[in-house]
Amino acid sequence: MDHAAYTVPDLDEAVRFFVEVLGAEELYRSRRGPDPSFMPANFDVPPDAALELAMLRLPPNLNVELFEWGSADQRTQHPRHSDRGGHHLCFVVDDVDAAIAHLATIPDVRILGGRKEVGPDSPLVAGNRWTYFVTPWGLLMELVDRSRVQNPPKLVGPADWNRPPQRSTPLS
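Predicted model, so just to flag it, every value in this text is computed and none were measured.

Thresholds, definitions, all that
Residues numbered from 1 in each chain as written. Predicted model: local features only at pLDDT ≥ 70, side-chain atom pairs only at ≥ 80, totals over all residues. Heavy atoms only, no water. Pairing = 2+ DSSP bridges. Helix = DSSP H or I, 4+ residues; strand = E, 2+ residues; numbered from the N terminus. Axes fitted to C-alpha atoms, helices over the stretch in contact; angles between N-to-C directions. Core = buried A, V, L, I, M, F, W, Y, C linked by side-chain atoms within 4.5 Å. Buried < 20%, exposed > 50% of the residue type's maximum accessible area, 1.4 Å probe, protein only. Contact = heavy atoms within 4.5 Å. Arc of directions from axis to C-beta. Polar contact = N/O pair within 3.5 Å; in protein donor to acceptor, adjacent residues only side chain to side chain. Phe/Tyr/Trp six-rings, centres within 6.5 Å; stacked < 30°, edge-to-face > 60°. Salt bridge = Lys/Arg side-chain N within 4 Å of Asp/Glu carboxyl O.

(A) Quick peek at the sheet that holds strand 8 (residues 140-145). Spatial ordering of the open sheet is given by 5-8-7-6, a layout of four strands whose pairing is mixed. The sheet terminates laterally at strand 5 (89-92) and strand 6 (110-117), the two strands that pair on one side only. Between one strand axis and the next, the sheet turns through 15° on average, direction left out of account. In this sheet, strand 8 lies alongside strand 5 in parallel orientation, the contact comprising four bridges. The residue bridging Val92 from the neighbouring strand is Val144, located in strand 8.

Set out below in structure tokens:
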């Protein structure tokens, strides 16, 4: 995967959160639009839409692209997790309790329900500890700590980050 991208209401605020709270590095910024022939054809947005974006790197293995869009008919409600197009961004952490304690000190971050732990009714992930939180501008995020899972499924994780990919068929 090259990157995940999210639209935010205030690019500067979102970049600050990713840099100061999550340890990201800002790589570059770019602007585009409005361009009535290019924007609808290439982004499926209204002709008057314009964007500013920032590309961030979250070591060791994730690039995140943040967009701030403007257009006359822009919708401002975030999709709920249960809505079509709902989404969240998840980070694996070594100690979810310490991560929650840190997030609790960040103004306007909402922790949803505290830390949870998967019980024995889900044996493949029993012991998995996690929580959701909402950023100050409304992006739903998750923290997961799999250190207590006995025989976890073969999810991609820290042990894979420096391993070269093995593909059975080329993507290009």
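(B) Geometry of the nonpolar core. If you look at the biggest cluster of nonpolar residues, it comprises 30 residues, and the most contacted ones within it are Phe17, Phe18, Val64, Leu66, Leu89, Met141 and Leu143. Elements supplying a minimum of two residues to this core: strand 1 (4-7), helix 1 (11-20), strand 3 (50-58), strand 4 (62-70), strand 5, helix 3 (96-103) and strand 8. Broken down by element, the residue count for this core peaks at five residues, all from helix 1. Among all residues touching Leu143, those that are not within four sequence positions of it are Phe91, Val93, Val96, Ala99, Leu103, Arg129, Trp130, Thr131 and Phe133. With seven residues, the next largest nonpolar core counts Met39, Ala49, Leu51 and Leu53 among its residues.

(C) Region of interest: the sheet that holds strand 3. Spatial strand order, 1-4-3-2: four strands in an open sheet with mixed pairing. At either margin of the open sheet sits one strand with a lone partner, and together these are strand 1 and strand 2 (25-32). Neighbour-to-neighbour, the strand axes of this sheet turn through a mean angle of 20°, independent of strand direction. One ladder, built from nine bridges, connects strand 3 with strand 4; its direction is antiparallel. Looking across to strand 4, one finds that Glu52 is bridged to Glu68.

(D) Layout of helix 3. When helix 3 is considered as a whole, its buried residues turn out to be Val96, Ala99, Ile100 and Leu103. Buried positions in helix 3, seen along its axis, are confined to an arc of 100° and lie on one side of it. Contacts made by the buried residues of helix 3 are with strand 6, strand 7 (129-134) and strand 8. The distance from a side-chain oxygen at the start of helix 3 to the backbone nitrogen of Asp97 is 3.0 Å, and the residue carrying that oxygen is Asp95.

(E) Fine view of the packing of aromatic side chains. Inspection of the entire model under this criterion finds seven aromatic pairs. An angle of 35° between the planes, with centres 6.2 Å apart, marks the rings of Phe18 and Trp137 as tilted. Of this pair, Phe18 sits in helix 1 while Trp137 sits in the loop between strand 7 and strand 8; the two residues are 119 residues apart in sequence, bridging distant segments of the chain. Assessed through its relative accessible area of 8%, Trp137 is described here as buried.

(F) Region of interest: the pattern of salt bridges. Applying the stated criterion to the full structure yields nine salt bridges. We note a salt bridge from Arg29 to Glu52, for which the minimum N-O separation is 3.5 Å. Here Glu52 lies in strand 3 and Arg29 lies in strand 2, a separation of 23 residues in the sequence. For Arg29, a relative accessible area of 31% gives the class partly exposed. A salt bridge links Asp145 to Arg129; its shortest N-O distance comes to 3.8 Å. Placement of Asp145 in strand 8 and of Arg129 in strand 7 is noted, with a sequence separation of 16 residues between them. Salt bridges here are not isolated pairs; linked through shared partners, they connect Asp12, Glu26, Arg29, Arg31 and Glu52.

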